[in-house]
Amino acid sequence: MLKLPGNLSAEKFLAYHWQKKPLYMPRALDNVRPSVTRNELAWLATLEDVESRIVFTDRRGDRKQYRVETGPFDDEYLGALPLRDWTLLVHDIEKHLPALRKLFDHVPFIPDWRIDDLMVSFAAPGGGVGPHRDNYDVFLCQGIGIREWTYTSAPIAADEAASSDLLLVEEFSGEQKICVEGDVLYLPPGIAHWGTAQRACMTYSIGMRAPQYYGDPDLELSEVIPGYISKAALDRAGEQTTELGRTVTEVKEWLRPEPPDEGAVKQLLEKPSQKLELHGMARVAYDDDHVYVNGKHRKVTEKERAAVAELCARRSLDSTRLVALSPDLVSWLASKGAFEIPEIT
Ligand code: SIN
Ligand code: CO
């Protein structure tokens, strides 16, 4: 877990900061592990099903303009980038490199279904995406290098002229922090922020998601159980009860796990392997009555719910526990792309 500053407990973080107020956490991590290298990030940016962007800072006198190019990029293009003033951003890293999901263990006090993705950026000196606001909570974990962050809770006007596609805001002055490896900055939604690489650097952003109608500034630690959408969460969502679970487990079309063929599912049911693993890209959650997989939902019995809870907590299930799920539910989960199904042998 992140080392929160001072005597701040996870409960106090939720009470005073979550969805309310930024928090700068110097040395919150010993270092960012597991990590990705600059070369791995560049390789991901060459792939078709990986969402990547490069933002260039064009300096014209005092005025800065930001230009975005979207991936995939070819090797030569990446190899020929200038020495300064650009940043490469790659989304959904933990789905492409499942080992990186471990970084989410640093925020065990936030429901895992609130986490959208891990985005990693590599910035050349002077690089950054410009002053902007995001509409989600984010933990910005500093990897190698040095980045200067400026942020403010003051309302800052949009700046379309700097770039029409980056949702930028006007340059502003605010709280300033120089972040080195291991420093973490938490920002709630809507806080203007601006990170500029002082030295070539990598930033790991744990970004959250929630439907527009959902907010949880009253989140309590006792609700936080892997995969579990608590009663309090359903209350916050009002009437749209299964809508919440479906929305938070929805996957981007190009990241939707392929469902296995029927033969493989049949074999799974007849000859279960040692361990059933959740697919690296699968999003699974449950509430007291339903299980949600990749945007779809289904009713579960109490016994099934216990097995689903285990599946969410470990992202795997021992074959001996598979019997707790009806064959029908196992086939349904598999058909929605929940599992890593071994090849038919
Ligand atoms: C970055 O890593 O450069 C951008 C992160 C952010 O501001 O949301
Ligand atoms: Co941002």
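On a predicted model such as this, the values are computed, not experimentally measured, just so you know.

The rules behind each value
Residues numbered from 1 in each chain as written. Chains lettered and ligands numbered in written order. Predicted model: local features only at pLDDT ≥ 70, side-chain atom pairs only at ≥ 80, totals over all residues. Heavy atoms only, no water. Helix = DSSP H or I, 4+ residues; strand = E, 2+ residues; numbered from the N terminus. Polar contact = N/O pair within 3.5 Å; in protein donor to acceptor, adjacent residues only side chain to side chain. Contact = heavy atoms within 4.5 Å. Near = heavy atom within 4 Å. Areas by Shrake-Rupley, 256 points an atom, 1.4 Å probe, with all protein chains shown as cover. Nonpolar A, V, L, I, M, F, W, Y, C, P; charged D, E, K, R; others polar. Pairing = 2+ DSSP bridges. Domains from an automatic or database assignment. Buried area = accessible area lost by both parts, 1.4 Å probe. Donors = N, O, S within 2.8 Å, 3.2 Å for Na, K, Ca; no water. Axes fitted to C-alpha atoms, helices over the stretch in contact; angles between N-to-C directions.

Looking now at the side chain of D159. Position of D159 among the secondary structure elements: in the loop between β7 (146-152) and β8 (175-179). Among the polar contacts listed, one links the side chain of D159 to the backbone nitrogen of A161, at a separation of 3.2 Å. Looking at D159, its side chain comes within polar contact range of the main-chain nitrogen of A162, at 3.3 Å. For D159, the residues in contact, after removing those within four places along its chain, are R63, L168, V169 and E170.

Looking at ligand 1, the residues that line it are L89, M119, S121, H132, D134, L140, R147, W149, H193, T203 and S205. Between an oxygen atom of ligand 1 and a side-chain N or O atom of S121, the distance comes to 2.7 Å. H132 places a polar side-chain atom, nitrogen or oxygen, 3.1 Å from an oxygen atom of ligand 1. Relative to its free-state accessible area of 260 Å², ligand 1 is covered by the protein chains to the extent of 96%. Mapped onto the shell around ligand 1, the elements with two or more residues apiece are β5 (115-123), β7 and β11 (201-208). Of the residues in the shell around ligand 1, the class split is four nonpolar, five polar and two charged.

To continue, consider the pairing of strand β2 (residues 52-60). Of the strand pairs in this sheet, β2 and strand β4 (residues 86-90) are connected by five bridges, and their pairing is antiparallel. Counted as the bridge partner of R53 is L89 from β4. Here eight bridges tie β2 to strand β3 (residues 63-70), and the two strands are oriented antiparallel to one another. Bridge pairing in β3 places I54 opposite E69.

For the rest of this paragraph, the subject is the domain arrangement of the chain. As assigned here, the chain comprises domain 1 (10-208) and domain 2 (253-340). Computed over C-alpha atoms, the centres of domain 1 and domain 2 are 33 Å apart. Taken together, the contacts link 11 residues of domain 1 with eight residues of domain 2. In this assembly, domain 1 packs against domain 2 so that about 830 Å² is buried in total across both faces, 53% of it on carbon and sulfur atoms. Per-residue buried area on domain 1 facing domain 2 is highest for D49, K95 and R101; these three make up 52% of the total on that side. At the junction of domain 1 with domain 2, the criterion picks out four residue pairs in polar contact (both at pLDDT 80 or more). Looking at the side of domain 1 that touches domain 2, the elements that each hand over two or more residues are α4 (93-96) and β5.

Note on metal sites: the ideal angle is 109.5 degrees for four tetrahedral donors, and 90 or 180 degrees for six octahedral donors. Note on the cobalt ion (ligand 2): its protein donors are H132 (NE2), D134 (OD) and H193 (NE2). The metal-donor distances range over 2.0 to 2.1 Å. Written as a sequence motif, the donor residues of the cobalt ion (ligand 2) are H-x1-D-x58-H. Here H132 is found in the loop between β5 and β6 (138-142), whereas its partner H193 is found in strand β10 (residues 192-199), with 61 residues between them in sequence.

Here three strands make up an open sheet; going across it, the order is β13-β14-β15 and the pairing antiparallel. Single-partner strands in this sheet number two, and they are β13 (284-286) and β15 (296-299). On average, adjacent strands in this sheet sit at an angle of 20° to one another, irrespective of strand direction. Where β13 meets strand β14 (residues 290-293), three bridges bridge the pair, whose relative direction is antiparallel. Each residue of the ladder has a partner; that of V284, found in β14, is V293. Lying on the sheet, helix α6 (residues 241-249) is in contact with β13, β14 and β15; it crosses β14 at an angle near 30°. Packing of helix α8 (residues 302-314) onto the sheet brings it into contact with β13, β14 and β15, and relative to β13 it is tilted by some 140°.

Bridge count for β14 against β15 is four bridges, and the pairing is antiparallel. Bridged to Y292 within β15 is H297.

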